[in-house]
Amino acid sequence: MELWQIWIIAALVLFVVEIATSGFAAVCLSLGALVAAIAAGCGASLTWQVVVFAVASLVALVFFRPVIIRLFHNRKSEERKSGVEALIGREAVVTETIDEAAATGRVRIDGDDWKAVAADSAHIEKGEKVVVLSIESIVLTVKPKQ
């Protein structure tokens, strides 16, 4: 087996290792092994192949890895709210009149029915549209939509 074939096998093994991990380091070493395979195919000595492998891997780690990490770890996805936190700012429809004195009030949002209270102790009639301001336990604090 020739050296360039061994470098190709090493590159493939490192690529498979990268699939199992998420650090984007093994793929940089895989790229280095591919460049070393090209050097081996061009007739470079083993010493030069190792030097080319080291330099190409280092360049990939310094320049390629940060770009890939930024692409895969998009900050917008970290800002995305989920669960009940995603309800804040959403519009809902009052299904039971919100009256603090009578301790009543329910709203429907996305097909789910929630207990609701008005932010400013307002009286909000059934059928009106409201905006969710906050959530405490299972009670939404809402205000009339303007």
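This structure is a prediction, so every number in the text was calculated from the model and none was measured.

Caption draft 1: How the structure looks around the pattern of salt bridges. Applying the stated rule across the entire model yields four salt bridges. Its salt-bridge partner being K129, residue E91 comes within 3.6 Å of it at the nearest N-O pair. In this pair, E91 is assigned in strand β1 (residues 91-99) and K129 in strand β4 (residues 129-136), connecting sequence segments 38 residues apart. Residue E91 is classed as partly exposed on the basis of its relative accessible area, which comes to 32%. Of the charged contacts, one joins E91 and K145 as a salt bridge, the two residues approaching to 2.4 Å between their closest N and O atoms. Here E91 is found in strand β1, whereas its partner K145 is found in the segment after β5 (139-144), with 54 residues between them in sequence. When salt bridges with common partners are traced through the structure, they connect E91, K129 and K145 into a single cluster.

Caption draft 2: Region of interest: the sheet that holds strand β2 (residues 104-109). The five strands lie next to each other as β1-β2-β3-β5-β4, forming a closed barrel whose pairing is mixed. Strand-to-strand twist in this sheet, taken as the mean axis angle between neighbours without regard to direction, amounts to 50°. In this structure, strand β3 (residues 112-118) lies alongside β5, joined through four bridges in parallel fashion. When the bridges of β5 are listed, V117 appears paired with T141.

Rules used throughout
- Residues numbered from 1 in each chain as written.
- Predicted model: local features only at pLDDT ≥ 70, side-chain atom pairs only at ≥ 80, totals over all residues.
- Heavy atoms only, no water.
- Salt bridge = Lys/Arg side-chain N within 4 Å of Asp/Glu carboxyl O.
- Helix = DSSP H or I, 4+ residues; strand = E, 2+ residues; numbered from the N terminus.
- Buried < 20%, exposed > 50% of the residue type's maximum accessible area, 1.4 Å probe, protein only.
- Pairing = 2+ DSSP bridges.
- Axes fitted to C-alpha atoms, helices over the stretch in contact; angles between N-to-C directions.

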